[in-house]
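Observations on the three-dimensional arrangement
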Amino acid sequence: MSHRLAERSVDHVVLERGEVADSWRTKRWPGLRLLTPNWMLGVPGQPAGHTDPDGFMTAPDVAAFVRHYACRTAAPVRAQTAVQSVRRGRRGYEVRTTDGTWHANAVVLATGASSVPVVPACSAALAPSVAQLTAQDYRGPDSVADGGVLVVGASATGVQLAGELRRAGRPVTLAVGEHVRLPRSYRGRDVFWWLDATGVLAERYDEVDDLSRARRLPSPQLVGSSAPIDLAALAAEGVRLVGRLVAVDGGTARFSGSLRNVCALADLKMARFLDRADAWARHAGLDGDLPPPTRPERTPISERPCLALDLHGDGVRTVIWATGFRPDHSWLDLPVFDRSGRLRHDGGVVTDAPGVYALGLPMLRTRASTYIHGAAADTAALADRLLAHLGR
Ligand SMILES: Cc1cc2nc3c(=O)[nH]c(=O)nc-3n(C[C@H](O)[C@H](O)[C@H](O)COP(=O)(O)OP(=O)(O)OC[C@H]3O[C@@H](n4cnc5c(N)ncnc54)[C@H](O)[C@@H]3O)c2cc1C
């Protein structure tokens, strides 16, 4: 957004509580690989031009990429400046920070969708002898106490952590709730090529049937590698699959009996998407050029998955919560939240706060908004709205 504003000669400042790319430096585990391929990493004024377009960046690579972009575009960043409150001022907004107060005619909220890990209430009932970590605390298998690990949540983060810990020799149990299954590649092309080609990534927020659900959709079970990371692959590596964690009493974790159903549903939705991909390929006249369709096997789930686990007896010393994240807009002193505390906005134009815009939230304007890739189109649209607000 800073680049877009500079292009339009809008005087602005970027306030950052840490250093540039702070979330990629301090909130992601080093072994994380983006699930989006490098060819998607274009940003405004810097189209994707990676030497390895089909490769996947690690978290330190992304931090270096963002730092380089901030330098190249000479973004006016004030680092180590945390915003403590934003409220209406005499002219526009008054922004209080740890380093003084700013007055702004417009404010862009770009503090991320993943500031706070979401941890289920039942975590409070875990015995103190079991260590608890969130995905933000996790720094690799060596950062986890010796012994077995229960990973709760089987979306992009949970499956990556379960796989990494298992390959490090740990006994791993993975609690699986509702999830989105996609193959890494299909008919010789990466799944993101298909999501782009079929128009899924471009689907707009004001066109989907259930926007609230679309914004809460879990991240797909993918990892940045050509090796499969679906539940079948994890089970073959020795990860024990159980249902959604529903309760903890004392030293016993209890799981839902719905594991087979949630896996069957994820398989069904994946098959629907692959049908759509095949239909698109036929329509585009590419059927003959692409390898024939080979569908992933259905997820094999045992007839009787474990419903209760004695954590101590089973040697589980750590529970890792890979149960999602939420934004933190608690410093916004404006009437812009709905009853559940979510920011009210229309495609990034914040409701009831003229001149306030949001970026970097899931499905902000399109499905691509969930990814770094989506910022190019979102910032273009919102910079125009911001300019109109300034009367220019
Ligand atoms: C585990 C994980 C994996 C992901 N994998 C991918 C992927 O593979 N591909 C992809 O495209 N996207 C991925 N994403 C999504 C990606 O992180 C976001 O699309 C992207 O980071 C959004 O950038 P942002 O600048 O809006 O937010 P962030 O990168 O979160 O940056 C927000 C910044 O705001 C700062 N900040 C927060 N509060 C304040 C405050 N009060 N005052 C001042 N500064 C503040 C933070 O320090 C931070 O530097 C992933 C996200 C997570 C959590």
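Up top you'll find the structure we're talking about.
Once a new chain begins, its residue numbering starts again from 1 and follows that chain's sequence as written. Only residues with pLDDT of at least 70 get local features here, since the model is predicted, and only at 80 or more are side-chain atom pairs given and counted; chain-wide, interface and lining totals rely on the full set of residues. Side-chain descriptors were evaluated using all non-hydrogen atoms of the structure, hydrogens and water having been removed beforehand.

Bringing the overall build of the protein chain into the picture now. For the protein chain, the count of helices and strands is nine helices and 21 strands. In terms of overall size, the protein chain behaves like a compact globule, its C-alpha atoms giving a radius of gyration of 22 Å where 392 residues would be expected to give roughly 21 Å. Expressed along its principal axes, the backbone C-alpha trace of the protein chain runs to roughly 65 × 60 × 40 Å. Looking at the protein chain as a whole, 46% of its 392 residues are labelled buried. Strands are runs of DSSP state E lasting at least 2 residues, helices are runs of H or I lasting at least 4, and numbering of each runs from the N terminus. For a compact globule the rule gives 2.2 Å times the number of residues to the power 0.38, and the radius of gyration it is set against comes from C-alpha atoms. For each residue, the accessible area found with a 1.4 Å probe, counting protein chains only, is set against the maximum for its type, and the residue is called buried under 20%, exposed over 50%, and partly exposed in between.

A side chain with one charge may pair with a side chain of the opposite charge, provided their charged atoms come close. Here, a salt bridge means any Lys or Arg side-chain nitrogen found within 4 Å of an Asp or Glu carboxyl oxygen. Following the criterion strictly, the structure yields 22 salt bridges and no others. The salt bridge partner of R8 is E7, with a shortest N-O separation of 3.4 Å. Since its relative accessible area comes to 48%, E7 is described here as partly exposed. Within this structure, R187, D275, D278, D287 and R295 form a network of salt bridges that share partners.

Looking at chain direction, strand β3 (residues 83-88) and strand β4 (residues 93-97) are connected through five bridges and run antiparallel. Of the residues in β4, the one forming a bridge with S85 is R96. In sequence, β3 turns back onto β4 through a hairpin of four residues, with G92 there showing a positive phi of about 75 degrees. The pairing criterion for strands is at least two bridges between them, as found by DSSP.

For the rest of this paragraph, the subject is the sheet that holds strand β16 (residues 308-310). With antiparallel pairing, three strands are arranged side by side in an open sheet as β14-β15-β16. Because the sheet does not close on itself, it has two edges, and the strands there are β14 (245-249) and β16. Here the strands of the sheet are splayed against their neighbours by 20 degrees on average, with no regard to which way each runs. Interaxial angle, 0 to 180 degrees, is taken between N-to-C directions of lines fitted to C-alpha atoms, where a helix line uses only the stretch in contact.

Let's shift gears to the nonpolar core. The nonpolar side chains of a soluble globular protein tend to be buried, and buried together. What is meant by a nonpolar core is a set of buried Ala, Val, Leu, Ile, Met, Phe, Trp, Tyr and Cys residues, joined one to another through side-chain atoms within 4.5 Å. Ranked by size, the top nonpolar core spans 39 residues in total, and within it Y138, V151, L165, L174, L231, L241 and I320 carry the most contacts. Within the residue set of this core, elements represented by two or more residues are α3 (59-72), β9 (148-152), α4 (156-167), β10 (172-175), α7 (231-236) and α8 (259-283). Sorting elements by how many residues they give to this core places α3 first, with five residues. What marks off one domain from the next here is an automatic or database domain assignment. Inspection of this core shows a minimum of three residues originating in each of domain 1 (2-115 + 327-389) and domain 2 (119-325). In this analysis, two residues are considered to be in contact whenever any of their non-hydrogen atoms come within 4.5 Å of each other. Setting aside anything within four residues of it in sequence, one finds L165 in contact with Y138, P141, V144, V149, V151, R170, V172 and I320.

Residues other than glycine seldom take positive phi values, yet R187 does so here, at roughly 50 degrees. Relative to the elements of secondary structure, R187 occurs in the loop between β11 (185-186) and β12 (189-190). A residue is classified by how much of its surface remains accessible, and R187, at 6% relative accessible area, is buried. The backbone of M363 sits at a positive phi, close to 50 degrees, despite the residue not being glycine. Overall, M363 belongs to the buried group, its relative accessible area being 1%.

Its location among the elements puts V14 in strand β1 (residues 14-15). Note on V14: relative accessible area 28%, which makes it partly exposed. Placed 211 residues apart in sequence, V14 and S225 show a C-alpha to C-alpha distance of 34 Å. Ignoring sequence-local partners within four residues, the contact set of V14 consists of S2, P76, V77 and R78.

This brings us to the site of the ligand. Around the ligand sit 25 residues, and of these E16, S23, L35, T36 and I372 come closest. Between the ligand and R17, the relevant distance is 3.0 Å, taken from a nitrogen atom to a main-chain nitrogen or oxygen of the residue. In protein, a polar contact requires one atom able to donate a hydrogen and another able to accept it; more generally it is a pair of N or O atoms within 3.5 Å, and residues adjacent in sequence count only if both atoms are side-chain atoms. One of the side-chain N or O atoms of T36 is found 2.7 Å from a nitrogen atom in the ligand. All accessible areas in this document rest on Shrake-Rupley with a 1.4 Å probe, and a residue is counted as covered only by the protein chains that are shown. Isolated, the ligand exposes 990 Å² of accessible area, and the fraction of that covered by the protein chains is 84%. Ranked by the residues each element gives to the shell around the ligand, the list is headed by helix α2 (residues 22-26), at three residues. Note on residue categories: nonpolar means Ala, Val, Leu, Ile, Met, Phe, Trp, Tyr, Cys or Pro, charged means Asp, Glu, Lys or Arg, and polar means any other residue, Gly included. Classifying every residue of the shell around the ligand gives 12 nonpolar, nine polar and four charged. Consider each residue's heavy atoms; a residue with any of them within 4 Å of a molecule or strand counts as near.

Let's shift gears to the sheet that holds strand β17 (residues 316-321). Taken together, the five strands give an open sheet; going across it, the order is β8-β17-β9-β10-β13, and neighbouring strands pair in parallel fashion. Looking at the sheet topology across the chains shown, the edges are occupied by β8 (131-134) and β13 (240-242). Ignoring strand direction, the axes of neighbouring strands in this sheet form an average angle of 20 degrees. With respect to the sheet, α4 is in contact with β9, β10 and β17, its orientation differing from that of β10 by roughly 170 degrees.

This brings us to the state of the cysteines. Only a pair of cysteine sulfur atoms within 2.5 Å qualifies as a disulfide here. Enumeration over the complete set of coordinates arrives at zero disulfides. Residue C263 stays outside any disulfide, its sulfur separated by 15 Å from that of C306, the closest cysteine. Classification of C263 as buried rests on a relative accessible area of 1%.

To pair, rings of Phe, Tyr and Trp, with the six-membered ring standing in for Trp, must have centres within 6.5 Å; the planes then decide the type, stacked if under 30 degrees apart, edge-to-face if over 60, and tilted in the middle. Inspection of every chain in the model, using the stated rule, returns six aromatic pairs. When the ring of W29 is compared with that of Y138, the centres are 6.3 Å apart and the planes differ by 70 degrees; the resulting orientation is edge-to-face. Highlighted residues: W29 in the loop between α2 and α3 and Y138 in the loop between β8 and β9, separated in sequence by 109 residues. Accessibility classification places W29 together with Y138 in one group, the buried group. Pairwise contacts between aromatic rings join Y186, W193, W194 and W280 into one cluster. Charges are assigned to positions over rings by a cutoff of 6 Å between ring centre and Lys NZ or Arg CZ, combined with an angular limit of 35 degrees from the ring normal. One Lys or Arg, R28, reaches over the ring of W24 and ends 4.4 Å from the middle of that ring. Residue placement shows R189 over the ring face of W193; its charged tip is 4.4 Å from the ring centre.

By themselves, these are just geometric observations and shouldn't be taken as functional.
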